[in-house]
Amino acid sequence: MHFFRMRLILALVVGITLVSVASTYFEVLAHKHILRQDLQRRAVQKATSLVPEIELALAGDQNAKLSAEVARLRTREAALGLGVYDAQGKLVASAGPVAVFSALPRGPVDKVTQHGVETSAFGHDADDQWLEVAVPLNTGGHVPGALVLLDDAGYIRTESAEVWGQSFLRIVAFVVLIAAVTVFMVRWFLLNPMTRVAERLRRLRLGHIDEVGEDSSKELSLFSPIAREVESMAENLIEARAAAASEARLRDEGAHIWTAERLAANMQERSGSSRIFVVSNREPYTHVRKGRETVCIVPPSGLVTAIEPVLRACDGVWVAHGSGSEDKANVDEFDRLRVPPDDPQYTLRRVWLSAEEETGYYDGFANEGLWPLCHIAHTRPIFRASDWECYKEVNKKFAVAVIEEMKDSPNPTVFIQDYHLALLPQLVKAARPDARVAIFWHIPWPNPEAFGICPWQAELLDGLLGADLIGFHIPLHCNNFLSTVDRVLESRTDREHMTASRKGHVSTVHPYPVSVALDSMQKNREAKKPSRDTLLAEFGLHAETLVIGVDRMDYTKGIVERLTAIELLLEEHPWYQERLTMVQIAAPSRTRIASYLDLHRRVEMTVERINQRYQTPQWKPVLLIERQCNHEEVERWYRAADLCLVTSLHDGMNLVAKEFVAARDDDGVLVLSKFTGAAIELGDALLVNPYDTEGVAAAVHQGLEMGYTERRTRMQRMRRQVMEHNVYRWAATLLGDLRELRMESSSVADPGHAGPIVVPPKSNAARKRA
Ligand code: G6P
C-alpha cells in the first residue's frame, strides 16, 4: 500500500511539473514577445525623433560637432548607444560601447542605406543584450546615411527569469496541494473502504458473521457490490469449511455418530421389501390459511426430524390427523398427498376427525386423562366414559386408514407414536399379523398404583401389547410398564429379557432415549452468537445476565415454580437486581382445556407480581414471551443465554435441555429437573428438585457463579453425549431392534387367540451391530 502511494505521488509530481513547466514556457515566450514589441516600438519612435537633430548636425558637416551631438543625444535618451553611418555604411560618429559597435552585423545599416527602410534586430554579446534600430537619415531627397540606436534589452531576460522564478514557486505549491488532495482522496474513497472490505472479509473468514453489520455495507460506497459478492463467496466457503470440519470430526469420532444420511442408508439397506408406515396424532405438514394464501407449515416437532429421513429413504407412508384449516383442500381423493411439498418423497395420509371426536379423544381422554395420569404433577386426571368411547372410535379410524394404506405391502413395518394411539397396535396386529409393529410412548409411564386410576387400564394395556416392540425413554418407565402389566393383566413378564407375553404374543419393552438432531449442533459451531443486548433491546430491556426457559405452556413444566425460584434468588442475592433477566418462552398449548387456562392465568399473575416487585424503567426481572417461536428464534435465545432453566415437575425426556446443549459452543450452564428423562443422560447439568424453591434458586446462583473451566468441561461432556445419542440414533436403534425381532409365526389375527411368537434381540452386542 505504501509503495502504491509513493508511486502515485511520484507520477503526480512528474505530471504536474511537466504540465506547469510547459505552460510557464509558453507564458514566458508570450511575455517576452510583448516586451520585445514594446521595446521595438519605443526604440523606433526614439530613433525617428532623433533624426531631425542628427540631420541638422550632419548639415554642419563638422565631425566634432556631430560626435558631440551624438554623445549628448545618447545621454539624453538614455540609450545604450547611438551611431551615425554614412551612405556607404561607414560609422562616422558614435557614442556607447565601442566593442558593441564593432561587432554589429551590417545587415540593418545596409538595408537602410540601400533600400531606405527602417529596420531593427536584437543582438547580444557576453555582457549586454540590445535592440538595434536603424532609421534612414534623409537630407535633400537622398539617403546620406543611417542612424543606429542601440537600446538596452537586458531587462527582457531579467523579467523572463523572474517569471520562471515565480512559476517555480507556483509549480511547487501546486504539486504539494494536488498531491495532498490526491492522497486524501485515495485514502478517503479508496483505501478506507478497501480496508473496511478487507476487515469484513477477515471477520467472515474467522466466522464472526454476526459482527459484520448490515449497515456497514452502506459505508463501503462504490465497493459494496464487490463486498457483497465476495461476502457471499466467503459465506459459502465458511459453510464448506464447516461441512468439511464436521465430516472430519465424524470420521474422527468413528461410526458412533448417526446422521440423517446414515439413518436413511441403513433403513434402505435393512428394511428390504418391508415398507414403513408411521402413525401419529400430529401431522408433519399442515396446510393453514395465512391472510389470503394457503401455506404449508412444519409444526415444530423433533419427531419430524427423526422420522422423515427414514420415510424419505424408503418412500414410506405417514398417517396422521389432518388438523390444518386447509388440509382437506390439499389432498387427493384418497386423502393423500406427497410431501415434502417442494421435494415429494413420501406419502402423507390424512385422517379426518369431527369436532366432537377431537374434543373427546384429544382434549378429553388423551390430554385430560392420560396426560395427567402419566405425569406425576398433581393435576387430577379426568376420565369420562364418553371421552373413552371417542378415543376408541378414533383409534379405530386410524387403524382403518393405516390398514388401507398397507393393503398392497407385504410384511410392513408400522411405527406408532404416543399415548393418543394406545389401542392401535392391537388393532393393526389383529388385521395384519405379518406386520412388525412398534409403539413409542413419548411420556412417562407411572407406577402401577398411579396408572390404576384409569378405569380402562386393562384395555389400554391390551391395546399396547399388540405391539412387538414398546419403547419408552428410560428404563424406569419400562419397569413401571411391566409392573402394571403384571398387576393388571393375565400375562407373563420376563424382567431379564424385558418382555411381556399375553395370549401367546410377546412384546419386547425397551428404553430408547429420544434426542435432538445432529445438524443444528454442527451448524452452531460455526454460526454467529447473537448479542444478548440486541435480543433484549427488541423488548426495550437491558440485562447483564440472561436466564432462559422454553416450554409449551403446560402444568408439567414447573413454570410457576421456576419463576418463584428466580424471585427468591433476587431476594437473597440483591446484586442480581437490575442485572438478571429471566426470559420465559411459553408456547400456547391445548388451550381448550381448563387446567391449561388456569396455568396460563397463574403464570401471568406470577410474572406480574415479580415484575411489580422489582422492575425499574429499563429492567424487568421476567420477560414472558407467550407465543409459538420458531426454531431459529428459540435457538438465538439459547445461544445468547448464560443459563437454561428446565424445572419440569415430571417429564418423559425434555428435549429443551438437549436443544440448549446442542445450541451452545462448549459453554453455558444447564439447571435441570431431576424428574426428567434427560437428567439420566445429562449428569453434568446442575440437577434440581423443582419443588424445592431454595434448591433451585441456589442452583441458579451456583451456575451463574461457576468458573469458566468447569462450565466448559461440563458443557463439553453434555454436548458429546447429545451428539452421540442423537435422534437419528434413536430412530435407527428402535427400528433396527424391530427388524431384529424374530417372528416365528405370523398367523395370529386376534391377540385373544394364539399369536405370533416374538423372540427379543439376543444381546446388547447384537443391538449395537444393528
Ligand atoms: C408432548 C408429547 C408429544 C406431543 C407434544 C405436543 O411432548 O410427548 O408426543 O407431540 O407434547 O403436544 P400436542 O398436544 O401439541 O401435540
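Throughout, residues of each chain are indexed from 1 in the direction in which the sequence is written. The model is predicted, so local features are restricted to residues of pLDDT at least 70 and side-chain atom pairs to those at 80 or more, both for listing and for counting; the totals for chains, interfaces and linings are taken over all residues. Computation of side-chain values covers all heavy atoms of the structure but excludes hydrogens and water.

### A look at the overall build of the protein chain
(1) Moving on: Runs of E in the DSSP output that reach at least two residues are strands. Runs of H or I that reach at least four are helices, and both are numbered from the N terminus. Helix and strand counts for the protein chain stand at 26 helices and 25 strands.
(2) Moving on: Burial classes: relative accessible area under 20% of the type maximum marks a residue as buried, over 50% as exposed, and values in between as partly exposed (1.4 Å probe, protein chains only). In the protein chain, which comprises 770 residues, the proportion classed as buried is 51%.
(3) Moving on: We call two residues in contact when some of their heavy atoms are within 4.5 Å. For the protein chain, restricting intrachain contacts to residue pairs at least 6 apart in sequence, the fraction spanning at least 24 positions comes to 71%.
(4) Moving on: Carbon and sulfur atoms make up 55% of the accessible area of the protein chain, which amounts to about 35,600 Å² in all. A 1.4 Å probe and the Shrake-Rupley method give the accessible areas. Residues count as covered only by the protein chains that appear here.

### Remarks on helix H14 (residues 457-464)
(1) Moving on: When you tally the buried positions in H14, you get six out of eight residues, the bulk of the element.
(2) Moving on: Listed as buried for H14 are Gln457, Leu460, Leu461, Asp462, Gly463 and Leu464.

### Re helix H2 (residues 63-77)
(1) Moving on: A helix is expected to reach a length of 1.5 Å times the quantity of its residues less one. Taking 1.5 Å of rise per residue, the 15 residues of H2 would be expected to cover 21 Å, and the 21 Å separating its terminal C-alpha atoms lies within 8% of that figure.
(2) Moving on: If you check which residues of H2 are buried, you get Leu66, Glu69, Val70, Leu73 and Glu77. The buried residues of H2 occupy an angular sector of 105 degrees when projected down its axis, which confines them to one face. Opposite the buried face of H2, by more than 90 degrees, sit the exposed residues Ala64 and Thr75.
(3) Moving on: Residues of H2 that are buried sit in contact with helix H1 (2-59), strand E1 (81-86) and strand E2 (91-95).
(4) Moving on: Positive phi shows up at Ala78, right after H2, with a value of about 55 degrees. In this description, one arc is meant: the one made by directions from the helix axis to the C-beta atoms.

### A closer look at the sheet that holds strand E15 (residues 492-494)
(1) Moving on: As summarised here, the arrangement of the ten strands in space is E10-E11-E9-E6-E12-E13-E14-E17-E16-E15, forming an open sheet in which the pairing is mixed. The open sheet has two edge strands with one neighbour each: strand E10 (336-339) and E15. Going from strand to strand, the sheet's axes swing by 20 degrees on average, the running direction of each strand aside.
(2) Moving on: Across five bridges, strand E9 (residues 317-321) lies against strand E11 (residues 346-351) in parallel orientation. Pairing of Val317 across the sheet is with Thr347, part of E11.
(3) Moving on: Across the face of the sheet, helix H12 (residues 424-431) comes into contact with strand E6 (276-280), strand E12 (413-417), strand E13 (436-440) and strand E17 (505-511) while running at roughly 175 degrees to E13.
(4) Moving on: All axes are obtained by fitting lines to C-alpha atoms, using only the stretch in contact for helices, and the reported angles, taken between N-to-C directions, cover 0 to 180 degrees. Contacts from helix H15 (residues 475-488) reach strand E14 (469-472), E15, strand E16 (499-502) and E17, with the element oriented near 150 degrees to E17. Note: two strands are recorded as paired if DSSP finds a minimum of 2 bridges between them.

### Some details on the site of the ligand
(1) Moving on: Here a residue counts as near a molecule or strand whenever at least one of its heavy atoms sits within 4 Å of it. Inspection of the region around the ligand gives Arg282, Tyr362, Trp371, Asp418, His442, Ile443, Arg552 and Arg590 as its neighbouring residues.
(2) Moving on: Between the ligand and Arg282, the relevant distance is 2.9 Å, taken from an oxygen atom to a side-chain nitrogen or oxygen of the residue.
(3) Moving on: Contacts described as polar in this section are N or O atom pairs within 3.5 Å, which, within protein, must combine one atom able to donate a hydrogen with one able to accept it, while residues neighboring in sequence count only if both atoms come from side chains. Within the side chain of Arg552, one N or O atom sits 3.5 Å away from an oxygen atom of the ligand.
(4) Moving on: In isolation the ligand has 380 Å² of accessible area, and contact with the protein removes 72% of it.
(5) Moving on: Note that Gly is not counted as nonpolar here; it falls among the polar residues with everything else outside the nonpolar set of Ala, Val, Leu, Ile, Met, Phe, Trp, Tyr, Cys and Pro and the charged set of Asp, Glu, Lys and Arg. Here the shell around the ligand is built from residues that sort into three nonpolar, one polar and four charged.

### A few points about the nonpolar core
(1) Moving on: Of all hydrophobic cores here, the largest spans 171 residues; its most connected members are Trp318, Trp441, Leu460, Phe481, Trp637, Leu670 and Trp730.
(2) Moving on: Among the elements that make up this core, the one with the highest residue count is helix H11 (residues 385-406) (nine residues).
(3) Moving on: Non-local contacts of Trp637, meaning those with residues more than four positions away in its chain, are made with Leu535, Leu536, Phe539, Leu546, Ile548, Val583, Ile585, Leu623 and Ile625.
(4) Moving on: For this analysis, a nonpolar core means a set of buried residues of the types Ala, Val, Leu, Ile, Met, Phe, Trp, Tyr and Cys, connected via side-chain atoms within 4.5 Å. In this structure, Leu73, Val84, Val133 and Ile156 belong to the second largest nonpolar core, which totals 25 residues.

### As for the pattern of salt bridges
When the charged atoms of two side chains with opposite charge come close together, those side chains can pair.
(1) Moving on: The working definition used for a salt bridge is a side-chain nitrogen of Lys or Arg within 4 Å of a carboxyl oxygen of Asp or Glu. Summed over the entire model, instances satisfying the criterion amount to 50 salt bridges.
(2) Moving on: Arg502 is the salt-bridge partner of Asp462, the closest N and O atoms lying 2.7 Å from each other. Linking Asp462 in helix H14 with Arg502 in strand E16, this pair joins segments that are 40 residues apart in sequence. With respect to class, Asp462 is no different from Arg502; both count as buried.
(3) Moving on: The structure contains a network of salt bridges with shared partners spanning Glu53, Glu69, Arg72, Arg76 and Glu77.

### Here we look at the pairing of E9
Consecutive side chains of a regular strand alternate in pointing toward one face of the sheet and then the other.
(1) Moving on: Burial of E9 is extensive: five of the five residues sit out of reach of the surface.
(2) Moving on: Residues Val317, Val319 and His321 of E9 are buried on one face, and the alternating residues Trp318 and Ala320, pointing to the opposite face, are buried as well.
(3) Moving on: Note: E6 against E9, four bridges, orientation parallel. In the sheet register, Ser280 faces E9, and the bridge partner there is Ala320.

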